[in-house]
Amino acid sequence: MKKVKWGIISTGRIAGEFASDFKYVDNAELVAVASRSQESADAFAQKHGIPKAYDSYQKLYEDPNVEAIYVATPHNFHFENSKEALAYGKAVLCEKPITINPQQFDELRAFAKEKDCYLMEGMWTYFHPAIQKAQEWVSDGRIGQLVQVKADFGYAVPFDAKGRMYNPDLAGGALLDMGIYPIAMAWLFLRKDPKEIHVTCHKASTGVDDDVNILFDYGDETANLATSFRSKLHNNLFVIGTEATIRIPFFWKASEVYLYKGDEQVDYFHDDRESIGFNHELRAVSQDILDGKKESAIMPHPHSAKFQELMSKVMERFLILR
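Everything numeric here is computed off the predicted structure, so don't read it as measured data.

Procedures and definitions
Residues numbered from 1 in each chain as written. Predicted model: local features only at pLDDT ≥ 70, side-chain atom pairs only at ≥ 80, totals over all residues. Heavy atoms only, no water. Axes fitted to C-alpha atoms, helices over the stretch in contact; angles between N-to-C directions. Helix = DSSP H or I, 4+ residues; strand = E, 2+ residues; numbered from the N terminus. Left-handed = near helix turned anticlockwise from the far one by under 90°. Contact = heavy atoms within 4.5 Å. Nonpolar A, V, L, I, M, F, W, Y, C, P; charged D, E, K, R; others polar. Phe/Tyr/Trp six-rings, centres within 6.5 Å; stacked < 30°, edge-to-face > 60°. Buried < 20%, exposed > 50% of the residue type's maximum accessible area, 1.4 Å probe, protein only. Lys NZ or Arg CZ within 6 Å of the ring centre and 35° of its normal. Core = buried A, V, L, I, M, F, W, Y, C linked by side-chain atoms within 4.5 Å. Pairing = 2+ DSSP bridges. Right-handed = clockwise from strand over helix to strand, strands pointing away. Parallel < 35°, antiparallel > 145°, perpendicular 65-115°, else oblique.

Participant: Help me understand the packing of helix α6 (residues 129-139) against helix α7 (residues 174-190) in this model?
Facilitator: For any two helices packed against each other, one specifies the inter-axial angle together with the distance between the axes. Contact geometry for α6 and α7: axes closest at 11 Å, N-to-C directions at 35°. Regarding α6 and α7, the two cross each other, and that crossing is right-handed. Counted together, I131, A134, Q135 and V138 of α6 and M185, L188 and F189 of α7 form the full contact between these two elements. Partitioning the contact of α6 with α7 into residue classes produces six nonpolar, one polar and no charged.

And the structure:
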(Lines give C-alpha, C1' and ligand atoms only; values in the text may rest on other atoms or scores of the structure.)
Protein backbone atom coordinates (compact mmCIF):
# COMPACT_ATOMS: atom_id res chain seq x y z
CA MET A 1 0.00 0.00 0.00
CA LYS A 2 1.25 3.48 -0.84
CA LYS A 3 2.05 5.53 2.26
CA VAL A 4 2.00 9.28 2.75
CA LYS A 5 5.36 10.51 4.07
CA TRP A 6 4.83 12.78 7.08
CA GLY A 7 6.91 15.30 8.94
CA ILE A 8 6.18 16.87 12.35
CA ILE A 9 7.13 20.34 13.51
CA SER A 10 7.53 20.67 17.29
CA THR A 11 8.55 17.99 19.78
CA GLY A 12 6.06 18.65 22.58
CA ARG A 13 3.63 16.27 24.27
CA ILE A 14 0.95 16.31 21.58
CA ALA A 15 3.55 15.79 18.86
CA GLY A 16 4.83 12.76 20.76
CA GLU A 17 1.37 11.26 21.14
CA PHE A 18 0.66 11.79 17.44
CA ALA A 19 3.97 10.18 16.49
CA SER A 20 3.32 7.15 18.67
CA ASP A 21 0.13 6.28 16.75
CA PHE A 22 1.81 5.85 13.35
CA LYS A 23 2.37 2.18 14.14
CA TYR A 24 -1.41 1.66 14.01
CA VAL A 25 -1.79 3.14 10.51
CA ASP A 26 -1.02 1.35 7.23
CA ASN A 27 -1.15 4.31 4.83
CA ALA A 28 1.27 6.74 6.50
CA GLU A 29 4.87 6.81 7.68
CA LEU A 30 6.75 9.37 9.75
CA VAL A 31 9.98 10.33 8.01
CA ALA A 32 11.11 13.61 9.59
CA VAL A 33 10.78 15.85 12.64
CA ALA A 34 11.88 19.45 13.17
CA SER A 35 12.53 21.44 16.32
CA ARG A 36 14.18 24.72 17.15
CA SER A 37 17.13 22.75 18.54
CA GLN A 38 19.01 19.79 17.08
CA GLU A 39 19.21 18.15 20.52
CA SER A 40 15.43 18.13 20.93
CA ALA A 41 14.87 16.91 17.35
CA ASP A 42 17.44 14.12 17.75
CA ALA A 43 15.91 12.91 21.04
CA PHE A 44 12.41 12.88 19.53
CA ALA A 45 13.61 11.08 16.40
CA GLN A 46 15.43 8.45 18.41
CA LYS A 47 12.41 7.82 20.65
CA HIS A 48 10.00 7.40 17.71
CA GLY A 49 12.32 5.82 15.15
CA ILE A 50 12.25 8.77 12.72
CA PRO A 51 14.95 8.79 10.01
CA LYS A 52 15.54 12.56 9.79
CA ALA A 53 15.79 15.22 12.52
CA TYR A 54 16.12 18.91 11.68
CA ASP A 55 17.11 21.89 13.82
CA SER A 56 14.77 24.25 11.96
CA TYR A 57 11.27 24.08 10.52
CA GLN A 58 12.57 25.54 7.26
CA LYS A 59 14.73 22.47 6.61
CA LEU A 60 11.69 20.21 7.02
CA TYR A 61 9.62 22.37 4.65
CA GLU A 62 12.41 22.04 2.07
CA ASP A 63 12.68 18.24 2.37
CA PRO A 64 11.33 16.87 -0.96
CA ASN A 65 10.59 13.52 0.69
CA VAL A 66 8.02 15.03 3.05
CA GLU A 67 4.50 15.14 1.60
CA ALA A 68 2.45 16.15 4.65
CA ILE A 69 3.21 18.11 7.80
CA TYR A 70 1.62 17.92 11.23
CA VAL A 71 1.78 21.33 12.93
CA ALA A 72 1.99 20.87 16.71
CA THR A 73 3.43 24.22 17.77
CA PRO A 74 1.69 26.60 20.27
CA HIS A 75 -1.56 28.20 19.07
CA ASN A 76 -0.09 31.57 18.20
CA PHE A 77 2.27 29.95 15.65
CA HIS A 78 -0.35 27.79 13.90
CA PHE A 79 -1.22 30.34 11.22
CA GLU A 80 2.39 31.17 10.42
CA ASN A 81 3.66 27.58 10.43
CA SER A 82 0.73 26.22 8.42
CA LYS A 83 1.09 28.94 5.80
CA GLU A 84 4.84 28.29 5.52
CA ALA A 85 4.23 24.57 4.99
CA LEU A 86 1.54 25.25 2.39
CA ALA A 87 3.90 27.61 0.57
CA TYR A 88 6.19 24.63 -0.01
CA GLY A 89 3.33 22.57 -1.41
CA LYS A 90 2.88 20.35 1.65
CA ALA A 91 -0.42 18.95 2.85
CA VAL A 92 -1.10 20.35 6.33
CA LEU A 93 -2.80 18.89 9.39
CA CYS A 94 -2.70 21.59 12.06
CA GLU A 95 -3.52 21.06 15.71
CA LYS A 96 -6.58 22.83 17.00
CA PRO A 97 -7.31 25.66 17.12
CA ILE A 98 -5.98 25.99 13.58
CA THR A 99 -5.86 29.77 14.04
CA ILE A 100 -6.67 32.20 16.84
CA ASN A 101 -9.26 34.32 15.04
CA PRO A 102 -11.64 34.07 12.05
CA GLN A 103 -9.62 36.42 9.85
CA GLN A 104 -6.52 34.23 10.11
CA PHE A 105 -8.49 31.14 9.14
CA ASP A 106 -10.09 32.84 6.16
CA GLU A 107 -6.65 33.84 4.90
CA LEU A 108 -5.18 30.38 5.53
CA ARG A 109 -8.08 28.65 3.80
CA ALA A 110 -7.73 30.92 0.75
CA PHE A 111 -3.97 30.33 0.65
CA ALA A 112 -4.44 26.54 0.71
CA LYS A 113 -6.81 26.87 -2.23
CA GLU A 114 -4.35 29.08 -4.08
CA LYS A 115 -1.53 26.56 -3.55
CA ASP A 116 -3.90 23.64 -4.33
CA CYS A 117 -2.92 21.92 -1.07
CA TYR A 118 -4.74 19.83 1.50
CA LEU A 119 -5.53 21.60 4.79
CA MET A 120 -7.36 20.32 7.87
CA GLU A 121 -7.71 21.34 11.50
CA GLY A 122 -6.77 18.51 13.85
CA MET A 123 -10.15 17.99 15.52
CA TRP A 124 -9.29 14.32 16.14
CA THR A 125 -12.44 13.88 18.23
CA TYR A 126 -14.64 13.86 15.13
CA PHE A 127 -12.84 10.74 13.88
CA HIS A 128 -13.23 8.59 17.01
CA PRO A 129 -15.49 5.54 16.47
CA ALA A 130 -17.27 6.29 19.78
CA ILE A 131 -18.24 9.78 18.60
CA GLN A 132 -19.38 8.39 15.27
CA LYS A 133 -21.43 5.74 17.07
CA ALA A 134 -23.16 8.51 19.04
CA GLN A 135 -23.94 10.32 15.79
CA GLU A 136 -25.37 7.08 14.42
CA TRP A 137 -27.63 6.64 17.47
CA VAL A 138 -28.93 10.20 17.06
CA SER A 139 -29.51 9.72 13.32
CA ASP A 140 -31.36 6.46 13.99
CA GLY A 141 -33.76 8.27 16.31
CA ARG A 142 -32.70 6.38 19.41
CA ILE A 143 -32.77 9.47 21.65
CA GLY A 144 -35.93 10.95 20.16
CA GLN A 145 -35.79 14.68 19.50
CA LEU A 146 -32.48 16.22 20.53
CA VAL A 147 -33.04 18.96 23.09
CA GLN A 148 -29.75 19.54 24.92
CA VAL A 149 -26.01 19.14 24.51
CA LYS A 150 -23.90 19.39 27.66
CA ALA A 151 -20.11 19.28 27.48
CA ASP A 152 -17.32 20.36 29.78
CA PHE A 153 -13.56 20.02 29.66
CA GLY A 154 -11.46 21.28 32.53
CA TYR A 155 -8.43 20.42 34.64
CA ALA A 156 -6.65 22.38 37.34
CA VAL A 157 -3.58 23.80 35.59
CA PRO A 158 -0.83 25.18 37.89
CA PHE A 159 -0.36 28.86 37.23
CA ASP A 160 2.70 29.81 35.19
CA ALA A 161 2.60 33.33 33.79
CA LYS A 162 5.15 32.46 31.11
CA GLY A 163 3.74 29.04 30.24
CA ARG A 164 1.72 28.38 27.10
CA MET A 165 -1.65 28.12 28.85
CA TYR A 166 -1.53 31.38 30.84
CA ASN A 167 0.62 33.55 28.57
CA PRO A 168 -1.43 35.95 26.40
CA ASP A 169 1.53 36.28 24.01
CA LEU A 170 1.20 32.54 23.29
CA ALA A 171 -2.59 32.76 22.77
CA GLY A 172 -3.21 31.29 26.21
CA GLY A 173 -6.59 30.82 27.85
CA ALA A 174 -8.98 27.98 28.55
CA LEU A 175 -11.33 28.72 25.63
CA LEU A 176 -8.73 28.30 22.87
CA ASP A 177 -6.98 25.41 24.58
CA MET A 178 -9.82 23.25 25.94
CA GLY A 179 -13.04 25.14 25.26
CA ILE A 180 -12.88 24.54 21.52
CA TYR A 181 -13.81 20.90 22.23
CA PRO A 182 -17.20 21.57 23.89
CA ILE A 183 -17.96 24.11 21.15
CA ALA A 184 -17.04 21.52 18.52
CA MET A 185 -19.46 19.04 20.13
CA ALA A 186 -22.31 21.54 20.10
CA TRP A 187 -21.67 22.15 16.40
CA LEU A 188 -21.33 18.45 15.59
CA PHE A 189 -24.73 17.51 16.98
CA LEU A 190 -26.76 20.69 16.40
CA ARG A 191 -25.26 22.15 13.19
CA LYS A 192 -26.84 25.57 13.54
CA ASP A 193 -26.12 28.98 15.01
CA PRO A 194 -27.41 29.90 18.45
CA LYS A 195 -29.99 32.67 18.65
CA GLU A 196 -28.51 33.93 21.92
CA ILE A 197 -25.16 33.44 23.65
CA HIS A 198 -24.70 33.85 27.42
CA VAL A 199 -21.22 33.74 28.95
CA THR A 200 -19.57 33.95 32.36
CA CYS A 201 -15.80 34.26 32.50
CA HIS A 202 -13.07 34.39 35.14
CA LYS A 203 -9.67 35.84 34.25
CA ALA A 204 -6.23 34.88 35.54
CA SER A 205 -3.83 37.63 36.62
CA THR A 206 -2.22 37.53 33.16
CA GLY A 207 -5.57 38.53 31.65
CA VAL A 208 -6.38 35.24 29.93
CA ASP A 209 -9.62 33.37 30.62
CA ASP A 210 -9.16 30.50 33.07
CA ASP A 211 -12.81 29.54 33.68
CA VAL A 212 -15.63 29.92 31.15
CA ASN A 213 -19.29 28.89 31.16
CA ILE A 214 -21.31 29.19 27.95
CA LEU A 215 -25.00 28.82 27.16
CA PHE A 216 -25.97 28.61 23.50
CA ASP A 217 -29.72 29.11 23.14
CA TYR A 218 -31.09 27.83 19.83
CA GLY A 219 -34.76 28.26 20.66
CA ASP A 220 -35.89 24.64 20.82
CA GLU A 221 -32.48 23.36 21.94
CA THR A 222 -29.66 24.49 24.22
CA ALA A 223 -25.97 23.74 24.63
CA ASN A 224 -24.44 24.11 28.09
CA LEU A 225 -20.65 24.23 27.73
CA ALA A 226 -17.82 24.83 30.18
CA THR A 227 -14.03 24.86 30.31
CA SER A 228 -11.57 25.58 33.09
CA PHE A 229 -7.94 25.81 34.16
CA ARG A 230 -9.07 26.43 37.75
CA SER A 231 -10.58 23.02 38.55
CA LYS A 232 -11.24 19.56 37.22
CA LEU A 233 -14.70 19.38 35.69
CA HIS A 234 -16.80 16.25 35.08
CA ASN A 235 -15.37 16.03 31.55
CA ASN A 236 -18.38 14.34 30.00
CA LEU A 237 -20.45 14.95 26.89
CA PHE A 238 -24.19 14.43 27.17
CA VAL A 239 -26.45 14.40 24.12
CA ILE A 240 -29.95 14.55 25.57
CA GLY A 241 -33.16 13.73 23.76
CA THR A 242 -36.84 13.40 24.58
CA GLU A 243 -36.53 9.61 24.81
CA ALA A 244 -32.94 8.81 25.80
CA THR A 245 -29.53 10.25 26.70
CA ILE A 246 -26.04 9.56 25.36
CA ARG A 247 -23.06 9.93 27.71
CA ILE A 248 -19.46 10.00 26.55
CA PRO A 249 -16.79 10.26 29.26
CA PHE A 250 -13.57 12.10 28.33
CA PHE A 251 -15.23 12.83 25.02
CA TRP A 252 -12.30 14.64 23.36
CA LYS A 253 -10.39 11.31 23.38
CA ALA A 254 -13.54 9.16 23.42
CA SER A 255 -13.20 5.40 23.46
CA GLU A 256 -16.64 4.49 24.82
CA VAL A 257 -20.24 5.69 24.70
CA TYR A 258 -23.33 4.85 26.79
CA LEU A 259 -27.02 5.05 25.94
CA TYR A 260 -29.61 5.47 28.73
CA LYS A 261 -33.37 5.37 28.82
CA GLY A 262 -34.26 7.06 32.05
CA ASP A 263 -31.77 5.66 34.57
CA GLU A 264 -31.31 2.35 32.73
CA GLN A 265 -28.32 1.71 30.49
CA VAL A 266 -29.66 0.16 27.29
CA ASP A 267 -26.62 0.15 25.01
CA TYR A 268 -22.86 0.53 25.11
CA PHE A 269 -19.99 0.78 22.64
CA HIS A 270 -16.22 0.56 23.18
CA ASP A 271 -13.65 0.76 20.41
CA ASP A 272 -11.13 -1.59 22.16
CA ARG A 273 -8.25 0.42 20.76
CA GLU A 274 -4.63 0.04 21.84
CA SER A 275 -3.68 3.42 20.38
CA ILE A 276 -4.06 6.86 21.92
CA GLY A 277 -6.61 7.58 19.18
CA PHE A 278 -4.78 9.82 16.71
CA ASN A 279 -4.62 6.88 14.29
CA HIS A 280 -8.26 7.36 13.19
CA GLU A 281 -7.61 10.94 12.13
CA LEU A 282 -4.20 10.12 10.66
CA ARG A 283 -5.53 7.27 8.54
CA ALA A 284 -8.43 9.36 7.22
CA VAL A 285 -6.26 12.37 6.36
CA SER A 286 -3.63 10.19 4.70
CA GLN A 287 -6.31 8.53 2.58
CA ASP A 288 -7.67 11.93 1.59
CA ILE A 289 -4.19 12.93 0.43
CA LEU A 290 -3.69 9.67 -1.48
CA ASP A 291 -7.07 10.23 -3.15
CA GLY A 292 -6.08 13.73 -4.24
CA LYS A 293 -8.59 15.51 -2.03
CA LYS A 294 -7.90 19.00 -0.70
CA GLU A 295 -10.34 18.94 2.22
CA SER A 296 -11.80 16.42 4.67
CA ALA A 297 -15.43 15.36 4.46
CA ILE A 298 -15.48 14.66 8.22
CA MET A 299 -13.70 17.86 9.29
CA PRO A 300 -14.20 20.29 6.36
CA HIS A 301 -13.15 23.94 6.27
CA PRO A 302 -16.65 25.28 7.09
CA HIS A 303 -16.47 23.47 10.45
CA SER A 304 -13.21 25.24 11.31
CA ALA A 305 -14.69 28.55 10.20
CA LYS A 306 -17.66 27.96 12.49
CA PHE A 307 -15.46 27.12 15.49
CA GLN A 308 -13.58 30.38 14.94
CA GLU A 309 -16.81 32.35 14.57
CA LEU A 310 -18.36 30.91 17.73
CA MET A 311 -15.19 31.35 19.81
CA SER A 312 -14.91 34.92 18.59
CA LYS A 313 -18.48 35.62 19.69
CA VAL A 314 -17.76 34.11 23.11
CA MET A 315 -14.61 36.25 23.40
CA GLU A 316 -16.65 39.35 22.61
CA ARG A 317 -18.57 38.61 25.82
CA PHE A 318 -15.25 38.50 27.71
CA LEU A 319 -14.74 42.16 26.82
CA ILE A 320 -18.28 43.07 27.85
CA LEU A 321 -17.82 41.25 31.17
CA ARG A 322 -14.51 43.05 31.80
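Let's pick the thread back up.
Participant: Teacher, can you tell me more about the packing of aromatic side chains here?
Facilitator: Two numbers describe a pair of aromatic rings. These are the distance of the centres and the angle of the planes. One pass over the full model with this rule turns up 18 aromatic pairs. For the pair F250 and W252, a centre-to-centre distance of 5.9 Å together with 90° between the ring planes defines the contact as edge-to-face. Of the residues examined, F250 reaches a relative accessible area of 36% and is grouped as partly exposed. One aromatic cluster is present, formed by W6, F18, F22, Y70, W124 and F278 through successive ring pairs. For the cation-ring pair, K83 lies above F111, with the distance from its terminal atom to the ring centre recorded as 5.2 Å.

Participant: Mind showing me how you'd approach the nonpolar core here?
Facilitator: Note on soluble globular proteins: their nonpolar side chains tend to be buried together. By size, the foremost hydrophobic cluster in this structure holds 83 residues, and its most contacted members are W6, Y126, F216 and L237. Not counting residues up to four positions away in its chain, the partners in contact with Y126 are Q132, A184, M185, W187, L188, I298, M299, H303 and F307. Membership of the second largest hydrophobic core comes to 23 residues, among which are I9, A32, L108 and A112.

Participant: Just to check I follow, could you spell out the pairing of strand β4 (residues 68-71) for this structure?
Facilitator: Two faces belong to every sheet, and in a regular strand the side chains alternate between them. Across the two faces of β4 the burial is the same, with A68 and Y70 and I69 and V71 all buried. Sheet topology places strand β1 (residues 4-9) next to β4; four bridges connect them, and they run parallel. Along β4, the bridge assignment pairs I8 with Y70. Where β4 meets strand β5 (residues 91-95), four bridges bridge the pair, whose relative direction is parallel. From the neighbouring strand, I69 faces β5, where its bridge partner is V92. After leaving β4, the chain enters helix α4 (residues 75-87) and then returns to the sheet as β5, a path that is right-handed.

Participant: I'm lost on the packing of α4 against helix α5 (residues 102-115) in this one. Help?
Facilitator: Where α4 contacts α5, the two axes come as close as 10 Å, and the packing angle between them is 10°. In terms of their interaxial angle, α4 and α5 are classed as roughly parallel. Here F79, S82, K83, L86 and A87 of α4 come into contact with α5, specifically with Q104, E107, L108, F111, A112 and K115. Per-class residue counts for the contact of α4 with α5 are six nonpolar, two polar and three charged.

Keep in mind these values describe shape, not function.
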